[in-house]
Amino acid sequence: MRKLIFAAASVAALALIGPAAAQAPIIIKFSHVVAPNTPKGLAAEKFKELAEKYTDGKVKVEVYPNSQLYKDKEELEALQLGAVQMLAPSNSKFGPIGVKEFEVFDLPYILPDLTTLRKVTDGPLGARLLKLLDSKGMTGLAYWDNGFKQMTANKKLLTPADYKGMKFRIQSSKVLEAQFRTLGAIPQVMAFSEVYQALQTGVVDGQENTPSNIYTQKMHEVQKYTTLTNHGYIGYVVVVNKKFWDGIPADTRGLLEKAMKEATAYGNGQSAKENDDALAEMKKSGKTEFVTLTPEQDAGMRKAVESVYTDVAGRVGKPLIDEFLKETRGATN
Ligand code: LMR
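Residues numbered from 1 in each chain as written. Predicted model: local features only at pLDDT ≥ 70, side-chain atom pairs only at ≥ 80, totals over all residues. Heavy atoms only, no water.

Trainee: Please set out the site of the ligand residue by residue, giving values where relevant.
Mentor: Surveying the vicinity of the ligand reveals the residues V33, V34, K40, S90, K93, R169, Q171, F192, N209, N213 and Y236. Between the ligand and K93, the relevant distance is 2.7 Å, taken from an oxygen atom to a side-chain nitrogen or oxygen of the residue. Between an oxygen atom of the ligand and a side-chain N or O atom of Y236, the distance comes to 2.4 Å. With the chains in place, 100% of the 270 Å² that the ligand exposes on its own is no longer accessible. Structurally, the ligand is housed in the largest cavity. In terms of residue class, the shell around the ligand is built from 4 nonpolar, 4 polar and 3 charged. (Near = heavy atom within 4 Å. Polar contact = N/O pair within 3.5 Å; in protein donor to acceptor, adjacent residues only side chain to side chain. Areas by Shrake-Rupley, 256 points an atom, 1.4 Å probe, with all protein chains shown as cover. 1 Å grid on protein atoms, 1.4 Å probe; cavity = no way out; pocket = protein on both sides within 12 Å on 5 of 7 lines; lining within 4 Å. Sits in = over half its atoms within 2 Å of the grid points. Nonpolar A, V, L, I, M, F, W, Y, C, P; charged D, E, K, R; others polar.)

Right, dumping it as structure tokens:
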């Protein structure tokens, strides 16, 4: 796959120095792993629409959904090599390229709601986190929402004991690994595009994801139960290849920034509704049974994963977690 990425990057480089370069539109290949009818898919399409409109055709945005071009880990490599120009990986996927700080968003129960999330992403902490991407050859442009995660499996997951010995697919985040290990489960990192089949064939027993992702990947059709835990958050950082971005004429880049700002407001303004709609569709389908936790069961789950905060402090540093908590809870703990 690396070879393929290199080949694609060289073709892209040749295209830039070809004779028609002066008139040719700037192409932004935007690769992502989810379906078009998801919060990320729709925001990407909105960005395309606005970017092409504002630049009057000087920029063309090609959106490639559903891991059509690259899977999770490959797409980050492809971006760094210049084979694609724009991505929106989830916060959980930056650890393997050496920016583990984004994993703080994965801490269980750290975000009570999307309004609180905005305090972090729109504030100084959000800006500082984006800056960390510079050293990896990327520019962080925006935070896009998906929503809150639910657990799926072929059994009801009511108490921590129910997780014992079960295999769960996770995104490539050490926080998520710690979360499932603390529960006595066996976490397994796997690309998003492989999850449905892994659930269907029993390679893993369960997974955690947002209603929109569960529904559009049809995971609910192969999981008897969806336990409504809202225990964690999935959101994205829109990143662009830094060299490519810096090389765009300033006036055009300004128009693209405007398009990104508006696409972000559009996407984040309706992500909650998209997840609610997905949940309603799954309920209607009758293919998975929804399980709601009692307040005692919810408290039991929260308590069981508390130690993950200490684990993660050792990895990303306690000050970062404290700063995050100060924004989200108004106090350190
Ligand atoms: C996942 O891998 O489960 C998600 O990050 C996919 C996505 O991009 O929403």
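So much for the structure itself; the text now carries on.
Trainee: Kindly report on the pairing of strand β2 (residues 59–64), identifying the contributing residues and their values.
Mentor: Here β2 lies mainly inside the structure; 5 of its 6 residues are buried. Here 6 bridges tie strand β1 (residues 26–31) to β2, and the two strands are oriented parallel to one another. Within β2, the residue paired with I26 across the bridge is V59. Taking the sense of rotation as the criterion, the β-α-β connection linking β1, helix α2 (residues 39–54) and β2 turns out right-handed. (Buried < 20%, exposed > 50% of the residue type's maximum accessible area, 1.4 Å probe, protein only. Helix = DSSP H or I, 4+ residues; strand = E, 2+ residues; numbered from the N terminus. Pairing = 2+ DSSP bridges. Right-handed = clockwise from strand over helix to strand, strands pointing away.)

Trainee: Outline the nonpolar core, listing residues and values.
Mentor: Judged by nonpolar contacts, the single largest core of 55 residues is most densely connected at F94, F102, F105, L107, L133, Y163 and I321. It is helix α12 (residues 307–316) that contributes the most residues to this core, 5 residues altogether. Apart from the residues within four sequence positions on either side, L107 is in contact with V175, H231, V308, Y309, V312 and I321. Within the second largest apolar cluster, 40 residues are counted, among which are A51, V195, L199 and M260. (Core = buried A, V, L, I, M, F, W, Y, C linked by side-chain atoms within 4.5 Å. Contact = heavy atoms within 4.5 Å.)

Nothing here speaks to function; it is all geometry.
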